[in-house]
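# Coordinate analysis (summary)
One letter stands for each residue in the lines below.
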Amino acid sequence: MRRHEIQDGRNDAWTLHQLSCRDQRRDALAKDEVLVEVNNLTKYFPIGSGGFLRKKVTELKAVDGVTFAVHHGETLGLVGESGSGKTTVGKCVLQLHRPTSGEVSFKGKNLVGLTDKQLRPFRPKLQVIFQDPYESLNPRFTAYDIITEPLRLHHASKDECRNRVKELLDIVGLAPYMAERYPHEFSGGQRQRLGVARALALQPEFIVCDEPLSALDVSIQAQVLNLLDDLQRQFGVAYLFISHDLSVVRHISHRVGVMYLGKIMEIAPRDALYERPLHPYTQALLSAVPVPDPKVEAKRKVILLQGEPPSPLNPPSGCVFHPRCPKAFEECKNVVPLLNDAGNGHFVACLLHKTSWP
Ligand SMILES: Nc1ncnc2c1ncn2[C@@H]1O[C@H](COP(=O)(O)OP(=O)(O)OP(=O)(O)O)[C@@H](O)[C@H]1O
Ligand SMILES: [Mg+2]
């Protein structure tokens, strides 16, 4: 039986998906040590009728069967249009959203289903940097309070806090006197550095960076990007770097995953994805990015996708991309493509790249 012959019967597809995940996992383990492993993750939000009784009417499939791994000291970029589920994946990994199903393992320990108390020892190691430092930093706290908040929660002494703040401000390139300032007294770039300092306070091993640059000017973006790069070299921290800026993701990531309507369509080492995209969706996304080489740029043809992304309340049958796919054929309407191994760590969920089932 071939994988693409599996119809949209959840159980069969799920079993095969599990097997395919195991292949990926083996592949990943062969190369390097896995830090975070996400296996067939789903997050369905109940959508109520509003009203007094708030009855659940339907489900919004924000994340639907996502599988990937992040290795020690690695950056996995996650790209996709607005609403494709990137932030929800990030929050589910950190258990800020509790997944509907699937596994999220940190150093081999599944975090899904753990109580808040059981999660406590893992919290320091898994941190987040948000898009908008204006919103994520408490305006009534000084920089000192903001950075030391996670330390105090973990019972650090006053002396420890004072020393750590000095050290962290230095690491992120802020002057020691800035510890007494409030968030509104910082520039946008400085505020994001403050967010980075807070995320680093407890020596995390994994940071979800959710659009950390999109509220910043382009010149400042480069500085923060370099800071994140330096921190990775210095401390070996791994990032899940979420963005819809494909150029930024190319710059910082070792591997890149492409999301569409709650699913990963393609995941591959950075250069393979940008130079030889296999999925028609990735090809369309990349065709819209200007290329610095004038000769290549002159030949660039933008692939225009028809229509808007469908609603995750009512996703299309078969391949969720088929209604907009310029290469779709009859089978795509009915068959859910699994992430198939295209070789060298390149995986693609498209029937054009089906491989035979062993
Ligand atoms: N708390 C929630 N309750 C209900 N639906 C939600 C909730 N959070 C997100 N969603 C829905 O889940 C889907 C995925 O949202 P998500 O924020 O993860 O997308 P995204 O890829 O991060 O988008 P963007 O690029 O705009 O940040 C969207 O359709 C969104 O409306
Ligand atoms: Mg988002």
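Residues numbered from 1 in each chain as written. Chains lettered and ligands numbered in written order. Predicted model: local features only at pLDDT ≥ 70, side-chain atom pairs only at ≥ 80, totals over all residues. Heavy atoms only, no water.

## So, the site of ligand 1
Neighbouring ligand 1 are 13 residues, the closest being Ser 82, Gly 83, Lys 86, Thr 87 and Thr 88. Take Ser 82: an N or O atom from its side chain is 2.5 Å from an oxygen atom of ligand 1. In this structure, an oxygen atom belonging to ligand 1 sits 3.2 Å away from a main-chain N or O atom of Ser 84. About the coverage of ligand 1: the protein hides 65% of its 630 Å² of free accessible area. Among the secondary structure elements, those contributing two or more residues to the shell around ligand 1 are β2 (56-71) and α2 (86-93). Broken down by element, the residue count for the shell around ligand 1 peaks at three residues, all from α2. Residue composition of the shell around ligand 1, grouped by class: four nonpolar, seven polar and two charged. (Near = heavy atom within 4 Å. Polar contact = N/O pair within 3.5 Å; in protein donor to acceptor, adjacent residues only side chain to side chain. Areas by Shrake-Rupley, 256 points an atom, 1.4 Å probe, with all protein chains shown as cover. Helix = DSSP H or I, 4+ residues; strand = E, 2+ residues; numbered from the N terminus. Nonpolar A, V, L, I, M, F, W, Y, C, P; charged D, E, K, R; others polar.)

## Some points on α2
Counting buried positions along α2 yields six of eight residues, so the element is predominantly enclosed. All of the buried residues along α2 are Lys 86, Thr 88, Val 89, Gly 90, Cys 92 and Val 93. Positive backbone phi, approximately 65°, marks Gln 95, located one or two places after α2. (Buried < 20%, exposed > 50% of the residue type's maximum accessible area, 1.4 Å probe, protein only.)

## What about helix α6 (residues 158-171)?
Here α6 contains 14 residues, and its C-alpha end-to-end distance of 20 Å stays within 8% of the 20 Å for a straight helix at 1.5 Å per residue. Those residues of α6 hidden inside the fold are in contact with α5 (143-153) and α7 (188-200). Downstream of α6 by one or two residues, Gly 173 has phi in the positive range, about 80°. (Expected span 1.5 Å × (residues − 1). Contact = heavy atoms within 4.5 Å.)

## Concerning the pattern of salt bridges
Between side chains of opposite charge, a pair can form as their charged atoms come close. Counted under the stated rule, the structure contains twelve salt bridges. Linking Arg 255 and Glu 74 is a salt bridge whose minimum nitrogen-to-oxygen distance equals 2.7 Å. Here the residue Arg 255 occupies a position in strand β9 (residues 255-260), and Glu 74 occupies one in the loop between β2 and β3 (75-79), the gap between them amounting to 181 residues. Glu 74 carries the same exposure label as Arg 255, and that label is buried. A salt bridge links Arg 233 to Asp 229, with the nearest nitrogen and oxygen atoms 3.4 Å apart. Residue Arg 233 and its partner Asp 229 are both found in helix α8 (residues 218-235); the two are separated by four residues, about one turn of the helix. The class for Arg 233 is exposed, based on a relative accessible area of 65%. (Salt bridge = Lys/Arg side-chain N within 4 Å of Asp/Glu carboxyl O.)

## Considerations on unusual backbone geometry
Positive phi values are uncommon outside glycine, yet Gln 95 reaches one of about 65°. Relative to the elements of secondary structure, Gln 95 occurs in the loop between α2 and β4 (101-106). Accessibility expressed as a relative area gives 3% for Gln 95, which makes it buried.

## Examining the packing of aromatic side chains
Per the stated rule, a full pass over the model turns up four aromatic pairs. Between the aromatic rings of Tyr 260 and Phe 321, the centroid separation amounts to 5.1 Å while the plane-to-plane angle is 80°, which identifies the pairing as edge-to-face. With Tyr 260 in strand β9 and Phe 321 in the loop between α12 (294-299) and β11 (340-341), this pair connects stretches of sequence that are 61 residues apart. Overall, Phe 321 belongs to the buried group, its relative accessible area being 0%. (Phe/Tyr/Trp six-rings, centres within 6.5 Å; stacked < 30°, edge-to-face > 60°.)

## What about the nonpolar core?
The nonpolar side chains of soluble globular proteins are, as a tendency, buried together. Counting 56 residues, the largest nonpolar core has Leu 194, Val 196, Ile 207, Leu 228 and Phe 241 as its most contacted members. Formed by 33 residues, the second largest nonpolar core is a distinct cluster that contains Val 89, Phe 106, Ala 238 and Met 259. (Core = buried A, V, L, I, M, F, W, Y, C linked by side-chain atoms within 4.5 Å.)

## A short note on the side chain of Gln 283
Within the secondary structure, Gln 283 sits in helix α11 (residues 280-287). At 2.9 Å, the side chain of Gln 283 forms a polar contact with the backbone oxygen of Pro 277. Residue contacts for Gln 283: discarding those within four places in its chain leaves Pro 277, Leu 278, Ile 303 and Lys 327.

## Regarding the sheet that holds β3
Pairing is mixed across the open sheet formed by eight strands, whose spatial order is β6-β7-β8-β3-β9-β10-β12-β11. Two strands close off the open sheet at either side, each with one partner strand: β6 (126-129) and β11. As judged from the four bridges shared by β6 and strand β7 (residues 206-210), these two strands associate in the parallel manner. By the bridge assignment for β7, Ile 129 is matched with Cys 209. Its contacts with the sheet put α7 on β6 and β7, and the angle it makes with β6 is roughly 175°. Running at roughly 105° to β9, α11 makes contact with β9 and β10 (263-269) of the sheet. (Pairing = 2+ DSSP bridges. Axes fitted to C-alpha atoms, helices over the stretch in contact; angles between N-to-C directions.)

## As for empty space enclosed by the protein
Here the structure, examined in full by the defined rule, presents four cavities of 30 Å³ or more. Its boundaries defined by the atoms lining it, the second largest cavity holds a volume of some 60 Å³. In this structure, the second largest cavity is lined by His 279, Pro 280, Cys 319, Phe 321, His 322, Cys 325, Ala 328, Cys 332, Cys 350 and Leu 351. A class-by-class count of the residues in the lining of the second largest cavity yields eight nonpolar, two polar and no charged. (1 Å grid on protein atoms, 1.4 Å probe; cavity = no way out; pocket = protein on both sides within 12 Å on 5 of 7 lines; lining within 4 Å. Points joined across faces, edges and corners; volume = space filled by probe spheres on them.)

## Observations concerning the environment of Ala 268
Within the secondary structure, Ala 268 is located in strand β10. You can call Ala 268 buried: its relative accessible area is 1%. In contact with Ala 268, other than residues within four places in its own chain, are Arg 255, Val 256, Leu 273, Gly 345 and His 346.

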